[in-house]
Amino acid sequence: MIISLIAAMDLNRAIGYKNQLPWKHLPADWDNLKKVTAGKKMIMGRRSYESPDRLWSEAGNVVITRQPDYQTDKGFLVADTLEKALQLVGDVDEIFILGGEEIFRISLPLADRIYLTIVKGTFQADAFFPEFIVSDFQIIQHDDHQADSENPYDYTFIIYERK
Ligand SMILES: NC(=O)c1ccc[n+]([C@@H]2O[C@H](COP(=O)([O-])OP(=O)(O)OC[C@H]3O[C@@H](n4cnc5c(N)ncnc54)[C@H](OP(=O)(O)O)[C@@H]3O)[C@@H](O)[C@H]2O)c1
């Protein structure tokens, strides 16, 4: 199984503020995420699950929480560790870990790939994408994009793959 993290961060590594995305509108990132994760199962932290910006996959989802008896909507399973979440996912070719900060922190050591969008701005934030050892990874894709009428910031899609 390929373990992939997928995140969008600003120039200060910001990924969230008050349990939402720090930026209001960047539909190109949304579209990219949907394209990249199509048909793949997802794992997310409980706070990201509760975010208004919550994402999910038709293929299946697991929420990580330490709360016993945590109730979720249909289509979401619950696990109390990352390892159990990965077991629940079962035998798939690629799993996407959607964050947020706490879940990225514990899953980075296991990451085979990191799909990172760099949003070229700085925003108020209380959640950040953790630092990782960039030299452990090679960049297999790097696409720069300019702001346009729909997307108010320049942004870059990068895919890192563990060497
Ligand atoms: N820009 C992006 O790409 C992106 C992606 C996703 C999320 N976000 C943002 O990130 C922010 C949320 O990040 P966050 O760090 O606050 O929350 P989070 O990682 O989504 O969820 C944290 C919760 O996960 C559970 N958890 C964490 N570590 C655990 C462990 N080792 N074992 C079992 N359960 C564990 C705990 O749930 P319980 O408290 O229930 O036990 C914890 O409160 C939001 O602002 C969201 O919008 C941004």
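In this text, all values refer to a predicted model and were calculated from it rather than measured experimentally.

## Description of the environment of Met9
And step 1. Relative to the elements of secondary structure, Met9 occurs in strand β1 (residues 2-10).
And step 2. Sequence-wise, Met9 and Ser57 are 48 residues apart; in three dimensions their C-alpha atoms are separated by 21 Å.
And step 3. Once residues within four sequence positions are removed from consideration, Met9 is found in contact with Ala14, Ile15, Trp23, Leu116, Thr117, Ile118, Val119 and Phe129.

## Observations concerning the side chain of Ser4
And step 1. Considering the arrangement of structural elements, one finds Ser4 in strand β1.
And step 2. Looking at Ser4, the relative accessible area reads 0%, which means it is buried.
And step 3. Within the structure, Ser4 has its side chain in polar contact with the side chain of Glu94 (distance 2.5 Å).
And step 4. With sequence-adjacent residues up to four places away left out, Ser4 is seen in contact with Glu94, Ile95, Phe96, Ile97, Arg113 and Tyr115.

## Topic: the UniProt feature "domain: DHFR" (unreviewed entry) in the protein chain
And step 1. Within this numbering scheme, the UniProt entry marks residues 2-162 as carrying the feature "domain: DHFR" (unreviewed entry).
And step 2. Within the segment residues 2-162, helix and strand shares are 19% and 34% respectively, and the terminal C-alpha atoms sit 10 Å apart.

## Focus on the site of the ligand
And step 1. Surrounding the ligand, one finds 26 residues, the nearest of these being Arg46, Arg47, Ser48, Thr65 and Gln67.
And step 2. One nitrogen or oxygen atom from the main chain of Gln20 is found 3.2 Å from an oxygen atom belonging to the ligand.
And step 3. Take Arg66: an N or O atom from its main chain is 2.8 Å from an oxygen atom of the ligand.
And step 4. When the free accessible area of the ligand is taken as 940 Å², the share hidden by the protein chains comes to 88%.
And step 5. Of all the elements in the fold, those that place two or more residues in the shell around the ligand are β1, β2 (14-16), α2 (46-50) and α4 (101-107).
And step 6. Ranked by residue count, the leading element in the shell around the ligand is α4, at four residues.
And step 7. Tallied by class, residues from the shell around the ligand come to ten nonpolar, ten polar and six charged.

## Observations regarding the side chain of Thr37
And step 1. Relative to the elements of secondary structure, Thr37 occurs in helix α1 (residues 27-37).
And step 2. Not counting residues within four places of it along the chain, the set of residues in contact with Thr37 comprises Ile6, Met42 and Phe96.

## Digging into the environment of Arg47
And step 1. One can find Arg47 in helix α2.
And step 2. Counting along the chain gives 55 residues from Arg47 to Glu102, while the straight-line C-alpha distance between them is 9.4 Å.

## Some details on the nonpolar core
And step 1. One finds Leu5, Ile43, Ile114, Leu116, Phe129 and Phe132 to be the most contacted residues of the largest nonpolar core, which totals 29 residues.
And step 2. If you look at the next biggest cluster of nonpolar residues, it comprises 13 residues, including Leu33, Met42, Phe76 and Phe96.

## What about α1?
Working note: α-helix, 3.6 residues per turn, so residues spaced by three or four point in the same direction.
And step 1. Of all the residues in α1, the buried ones are Pro27, Ala28, Asp29, Asn32, Leu33 and Thr37.
And step 2. Following α1 by one or two positions, Gly39 adopts a phi angle in the positive range, close to 80 degrees.

Conventions adopted
Residues numbered from 1 in each chain as written. Predicted model: local features only at pLDDT ≥ 70, side-chain atom pairs only at ≥ 80, totals over all residues. Heavy atoms only, no water. Helix = DSSP H or I, 4+ residues; strand = E, 2+ residues; numbered from the N terminus. Contact = heavy atoms within 4.5 Å. Buried < 20%, exposed > 50% of the residue type's maximum accessible area, 1.4 Å probe, protein only. Polar contact = N/O pair within 3.5 Å; in protein donor to acceptor, adjacent residues only side chain to side chain. UniProt positions renumbered as here; feature names shortened; annotations may be inferred. Near = heavy atom within 4 Å. Areas by Shrake-Rupley, 256 points an atom, 1.4 Å probe, with all protein chains shown as cover. Nonpolar A, V, L, I, M, F, W, Y, C, P; charged D, E, K, R; others polar. Core = buried A, V, L, I, M, F, W, Y, C linked by side-chain atoms within 4.5 Å.

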